[in-house]
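Single-letter residue listing:
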Amino acid sequence: QVQLVESGGGLVQAGGSLRLSCAASGRTFSSYAMGWFRQAPGKERDFVAGIIWRGGNTYYADSVKGRFTIARDNAKNTVYLQMNSLKPEDTAVYYCAARKNSARTIFTVDGMDYWGKGTLVTVSS
């Protein structure tokens, strides 16, 4: 059974940094694509960043390019989201997700196969 467990959320001031972690278990994820999504109060869940586990190609939403970095640690089966220069509009619950099909380079909510429970990030102004 696939399990994705996020951690690292919290309260930070605007301009600050946080690193989210997603510990993945239950599968060999080398053929998977992993993504981070976020959902702000009253809004839809949106794509933030994605990575193809094998090869490490990365993809970002325009709103976070240059500020966020996604990476994976093969030995720890963990995906990270380093978030710098945080803004109040980055406030949301952040979700880790996994997809079995690693060929596609577009990440959508409907296209992901497994989800974590989320971790809350609050950025104060």
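A. Here's a closer look at unusual backbone geometry. Positive phi outside glycine occurs at N77, with the angle close to 50°. Checked against the element boundaries, N77 lands in the loop between strand 7 (68-73) and strand 8 (78-83). Positive phi values are uncommon outside glycine, yet S85 reaches one of about 50°. Mapped onto the elements of the fold, S85 is located in the loop between strand 8 and strand 9 (92-99). For S85, a relative accessible area of 41% gives the class partly exposed.

B. Representation of the nonpolar core in the model. Counting 31 residues, the largest nonpolar core has L4, M34, W36, L81, M83 and Y94 as its most contacted members. Counting only elements with at least two residues in this core, the list comes to strand 3 (18-25), strand 4 (33-39), strand 5 (45-52), strand 7, strand 8, strand 9 and strand 11 (119-124). In terms of nonpolar packing, the next biggest core, distinct from the first, is built from six residues, A33, I52, A97 and F107 among them.

C. Summary view of the state of the cysteines. Inspection of every chain in the model, using the stated rule, returns one disulfide. Covalent S-S linkage joins C22 and C96, the inter-sulfur distance amounting to 2.0 Å. As the torsion about the S-S bond is roughly -75°, the C22-C96 disulfide counts as left-handed. With C22 in strand 3 and C96 in strand 9, this pair connects stretches of sequence that are 74 residues apart. Of the two residues examined, C22 and C96, each falls in the buried class.

Here is what the cut-offs are and how they apply
Residues numbered from 1 in each chain as written. Predicted model: local features only at pLDDT ≥ 70, side-chain atom pairs only at ≥ 80, totals over all residues. Heavy atoms only, no water. Helix = DSSP H or I, 4+ residues; strand = E, 2+ residues; numbered from the N terminus. Buried < 20%, exposed > 50% of the residue type's maximum accessible area, 1.4 Å probe, protein only. Core = buried A, V, L, I, M, F, W, Y, C linked by side-chain atoms within 4.5 Å. Disulfide = S-S within 2.5 Å.

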